[in-house]
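Here is what each chain is made of, one letter per residue.
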Amino acid sequence: MYKKIIVPVDIGQLDKGEKILAKAIELVDDGGSILLLNVAEDIPGYISIELPVDFIEASIKEAAEQLTALNEKTGAKAQILTRVGSPAREILAAAEENAADLVIIASHRPDFSNYLLGSTADRVVRHAKCSVLVDR
Ligand code: ADP
């Protein structure tokens, strides 16, 4: 059904990541591909000064290892991508750069601050140029 699916995974919510990756495996065409993406959040200068110099590099390495483990566990044969920046913006940029035809994203448990959709899911739904499946 879809040729290129982006599956953005928050390393703090790997269970949700596994669930949306399973959806991607169901929906990808034979010969299509899945991109597993984590975005290491950029840290403002006034905070990063308190952190080890290699903090971002270490986060990227940790994320790549977690995504590789998830890939092997599910047999998804996905490509692993890591980017640095704001999650929503980088998910949207990765979707465009890779000509994705679907992004599958998990939704946040509703609370008062972001009713129904989490802020990342919300922004991706609003701005994506391709289809977005929000997993509940
Ligand atoms: P927020 O805490 O901004 O409300 P969400 O709960 O909306 O975040 O996140 C929903 C989904 O967005 C996550 O399950 C995941 O699919 C994606 N996502 C959030 N943060 C990241 C990240 N840093 N890297 C990759 N995907 C992410």
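Heads up: the structure comes first, above all this text.
The sections below set out a description of the structure shown in this document. Worth saying up front: this structure is predicted, and the values here are computed from it rather than measured. (Residues numbered from 1 in each chain as written. Predicted model: local features only at pLDDT ≥ 70, side-chain atom pairs only at ≥ 80, totals over all residues. Heavy atoms only, no water.)

### A look at the nonpolar core
The tendency in soluble globular proteins is for nonpolar side chains to be buried as a group. Ranked by size, the top nonpolar core spans 17 residues in total, and within it Ile 5, Val 7, Leu 21, Leu 36 and Ile 104 carry the most contacts. Contributing elements (two or more residues each) for this core: strand S1 (2–8), helix H1 (14–27), strand S2 (28–41), helix H3 (55–74) and strand S4 (102–106). In terms of residue count, the dominant contributor to this core is H1 (four residues). Look past the residues within four positions of Leu 21 in its chain and what remains in contact with it is Val 7, Ile 34, Leu 36, Leu 70, Thr 74 and Ala 76. With 16 residues, the next largest nonpolar core counts Leu 81, Ala 95, Ile 105 and Cys 130 among its residues. (Core = buried A, V, L, I, M, F, W, Y, C linked by side-chain atoms within 4.5 Å. Buried < 20%, exposed > 50% of the residue type's maximum accessible area, 1.4 Å probe, protein only. Helix = DSSP H or I, 4+ residues; strand = E, 2+ residues; numbered from the N terminus. Contact = heavy atoms within 4.5 Å.)

### Considering the site of the ligand
Around the ligand lies a shell of 18 residues, among which Pro 8, Val 39, His 108, Ser 119 and Thr 120 are the nearest. In the environment of the ligand, an oxygen atom lies 2.7 Å from a nitrogen or oxygen atom belonging to the side chain of Thr 120. Note that an oxygen atom of the ligand is positioned 3.3 Å from one of the backbone N or O atoms of Ala 121. Burial of the ligand by the protein chains amounts to 89% of its free accessible area of 560 Å². When atom positions are compared with the pocket grids, the ligand is found to occupy the largest pocket. Breaking the shell around the ligand down by element, the ones donating at least two residues are S2, helix H4 (87–97), S4 and helix H5 (119–127). (Near = heavy atom within 4 Å. Polar contact = N/O pair within 3.5 Å; in protein donor to acceptor, adjacent residues only side chain to side chain. Areas by Shrake-Rupley, 256 points an atom, 1.4 Å probe, with all protein chains shown as cover. 1 Å grid on protein atoms, 1.4 Å probe; cavity = no way out; pocket = protein on both sides within 12 Å on 5 of 7 lines; lining within 4 Å. Sits in = over half its atoms within 2 Å of the grid points.)

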